[in-house]
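Residue-level structure breakdown
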Amino acid sequence: MTGHARDEALADVPALGPLFGKALLSRHRAGGELVTDRLTVADQPVDTDRLRRYQQVCGFRVSDLLPPTYLHLMAFPLSIARMARPDFPFPLLGLVHVENTLRQYRPVSSAEPVSVSVWAANLRPHPAGQQLDLVSEVTVAGELVWTETSTYLRRGRTGERAAGERAAKQRSDPGGPVIRWPVPADTGRRYAAVSGDRNPIHLHKLTARAFGFRAAIAHGLWLKARTLAAFEGRLPAAFTIEVAFKTPVLLPAQVELVAPATAGGWQLDVHDLRTGKPHLTGRIAVTAD
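Residues numbered from 1 in each chain as written. Predicted model: local features only at pLDDT ≥ 70, side-chain atom pairs only at ≥ 80, totals over all residues. Heavy atoms only, no water.

**What about the packing of helix α2 (residues 48–58) against helix α7 (residues 220–229)?**
If you want to describe how two helices pack, look at the angle between their axes and the distance between the axes. With their axes 9 Å apart at the nearest point, α2 and α7 run at an angle of 80 degrees to one another. On the basis of their axis angle, the class for α2 and α7 is roughly perpendicular. Seen from α2, the contacting residues are Tyr54, Val57 and Cys58; seen from α7, they are Trp222, Ala225, Arg226 and Ala229. (Axes fitted to C-alpha atoms, helices over the stretch in contact; angles between N-to-C directions. Helix = DSSP H or I, 4+ residues; strand = E, 2+ residues; numbered from the N terminus. Parallel < 35°, antiparallel > 145°, perpendicular 65-115°, else oblique. Contact = heavy atoms within 4.5 Å.)

So, in structure tokens, the structure goes:
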């Protein structure tokens, strides 16, 4: 079920630090209708120093054009603000980002102020619990230039182990061009410094162990951005990239991207170079003009 939607305009992008604290302390209702109210912030300038640091940590060339994944950073605080509210059906702690689909309608320049809207949608059952989407839109002077759907899983008491085992065993072998790159131990800290996402599981092996990981893990959106950077210079102005996050990248690591061409773009398979465990699968689809 979906509740009545309304638009709420914010004066500025909220700071992530206080939002994470609020999200962890908030009480959330269970069940009922999903409230689809939109949070919107208008005409936000692009921080060019932050953009440059993001391009460097994710493997993009430094330029005035925004990598499509950079706009996730501008939408992410609104997503957290939405999830921190008491009418959101789940607590933030424990949600797993399992899928992410991004569509760029045209490139965006760092000189263009952007307006961002975020809302929750499509609460639905899943074999391992429940899923819902956080949907983001970016406009420039009223023109839609970018959309994103981030799918989150709230695991239930049944199916969690089976889902994890399925993800660990899956390994596609599509063949095609291969790119390999190292993922240093400080990748989580470097991406956190740029993105503001300072979840302890990404920062250090000691803090990650408190949450059940034997080492710090890379951010899923860093991995998606690093994968997309491998296609820089080969993509048209409009395209879609959709990915599923499989198993975490334990830091440090060596990963391999296999990307065979398809009729409409490329298939994506990022896995651990040594074990073959899948980290990310998906595809890039070229969008017709």
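**Re the nonpolar core**
Counting residues in each nonpolar core, the largest one holds 68 residues, and the members touching the most others are Tyr54 and Leu268. In terms of residue count, helix α3 (residues 70–83) provides more of this core than any other element does, 10 residues in total. (Core = buried A, V, L, I, M, F, W, Y, C linked by side-chain atoms within 4.5 Å. Buried < 20%, exposed > 50% of the residue type's maximum accessible area, 1.4 Å probe, protein only.)

**Comments concerning the layout of surface pockets**
In this structure, the second largest pocket occupies an estimated 340 Å³ of space. Lining the second largest pocket are 19 residues, with Leu65, Leu66, Pro68, Glu232 and Gly233 positioned closest to its centre. Its residues assigned to classes, the lining of the second largest pocket shows 12 nonpolar, four polar and three charged. (1 Å grid on protein atoms, 1.4 Å probe; cavity = no way out; pocket = protein on both sides within 12 Å on 5 of 7 lines; lining within 4 Å. Points joined across faces, edges and corners; volume = space filled by probe spheres on them. Nonpolar A, V, L, I, M, F, W, Y, C, P; charged D, E, K, R; others polar.)

**Section: the pairing of strand β9 (residues 253–258)**
Across the six residues that make up β9, a large majority, five, are buried. Examined bridge by bridge, β9 and strand β11 (residues 265–272) share four bridges and lie antiparallel to one another. Within β11, the position partnered with valine 258 by the bridge is aspartate 269. (Pairing = 2+ DSSP bridges.)

**Focus: the environment of valine 116**
As for its position among the elements, valine 116 is in strand β4 (residues 114–126). In this structure valine 116 comes out as buried when scored by relative accessible area, which is 0%. For the pair valine 116 and threonine 147, spaced 31 residues apart in sequence, the C-alpha to C-alpha distance is 9.6 Å. The contact partners of valine 116, leaving out residues within four places of it in the chain, are Leu39, Thr40, Val41, Met74, Ala75, Leu78, Glu137 and Val138.

**Things to note about unusual backbone geometry**
Of note, the amide linkage connecting leucine 251 to proline 252 takes the cis form, showing an omega dihedral of -5 degrees. Mapped onto the elements, proline 252 comes out in the loop between β8 (239–245) and β9. A positive phi is found at asparagine 122, a non-glycine position, where the angle reads about 60 degrees. Relative to the elements of secondary structure, asparagine 122 occurs in strand β4. Look at alanine 141: it is not a glycine, yet its phi comes out positive at around 50 degrees.

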